[in-house]
Amino acid sequence: MHALTVPALVRALTQLKHILVKGEAHARAQGWDPAVLLGMRLAPDMFPLTRQVQIATDIAKNSVGRMTGGEAPKFDDTETSFEQLVDRVERTIAYIGSVPAAAFEGAETRDITVPTRARGDLHFKGLDYLFAFILPNVHFHVTTTYALLRHAGVPLGKADYLGPVGMGQG
């Protein structure tokens, strides 16, 4: 489970960091207040960019905690700058990378409960949790961040989302 989970989450979050760095650089190059981009939404009923990043990192770190029976670090949702969001992503990557592979032993059949506001408690076995909840949700919020910045004119392409592709690259 470690091999299925950690590299995928680290890769997605590494690319999220890359996208954020490019977003801030583009805003500054255009003479824009970067905070304007942080408040962007694709639709009025969607969360803004800042919240997309917070959710992606929360799902990633909390899922590792749940899968290993450990406790993920708690982050306050107080970020108001690209720099703070990048720091949040880096702290999430550091936490995920610090969890030893042995902690994931038995995670594929572990009972996982995820509390939600809208849908009540969701119940999974570990493997289903990874493929039906963790990865789709993390990628949804990373993709939404990408789409918001791309819509704002940030020069992003598919390679910015995917990152290095090939054998042995991760």
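Above: the structure in question.
An account of the accompanying structure is given in this report.

What counts, and at which threshold
Residues numbered from 1 in each chain as written. Predicted model: local features only at pLDDT ≥ 70, side-chain atom pairs only at ≥ 80, totals over all residues. Heavy atoms only, no water. Helix = DSSP H or I, 4+ residues; strand = E, 2+ residues; numbered from the N terminus. Rg over C-alpha atoms; globule rule 2.2 N^0.38 Å. Buried < 20%, exposed > 50% of the residue type's maximum accessible area, 1.4 Å probe, protein only. Contact = heavy atoms within 4.5 Å. Areas by Shrake-Rupley, 256 points an atom, 1.4 Å probe, with all protein chains shown as cover. Axes fitted to C-alpha atoms, helices over the stretch in contact; angles between N-to-C directions. Parallel < 35°, antiparallel > 145°, perpendicular 65-115°, else oblique. Nonpolar A, V, L, I, M, F, W, Y, C, P; charged D, E, K, R; others polar.

## A short note on the overall build of the protein chain
So, step 1. The helix and strand tally for the protein chain stands at 6 helices and 2 strands.
So, step 2. Along the protein chain, from the amino end to the carboxyl end, the secondary structure elements read α-α-α-α-β-β-α-α.
So, step 3. Since a compact globule built from 170 residues should have a radius of gyration of about 15 Å, the 16 Å found for the protein chain is in line with a globular shape.
So, step 4. Along the first, second and third principal axes, the C-alpha atoms of the protein chain reach 50 × 40 × 25 Å.
So, step 5. Taking all 170 residues of the protein chain together, the buried fraction comes to 43%.
So, step 6. In the protein chain, 68% of the contacts between residues at least 6 apart in sequence involve partners at least 24 apart.
So, step 7. With an accessible surface of roughly 8,700 Å², the protein chain has 57% of that area assigned to carbon and sulfur atoms.

## Looking at the packing of helix H3 (residues 49-68) against helix H4 (residues 82-98)
So, step 1. Across the interface, H3 lies against H4 with an axial gap of 10 Å and an inter-helix angle of 10°. Our classification of the angle between H3 and H4 gives roughly parallel. Seen from H3, the contacting residues are Leu 49, Thr 50, Val 53, Gln 54, Thr 57, Asp 58, Ala 60, Lys 61, Val 64 and Gly 65; seen from H4, they are Leu 85, Arg 88, Val 89, Thr 92, Tyr 95 and Ile 96.
So, step 2. The residue makeup of the contact of H3 with H4, split by class, is 8 nonpolar, 5 polar and 3 charged.

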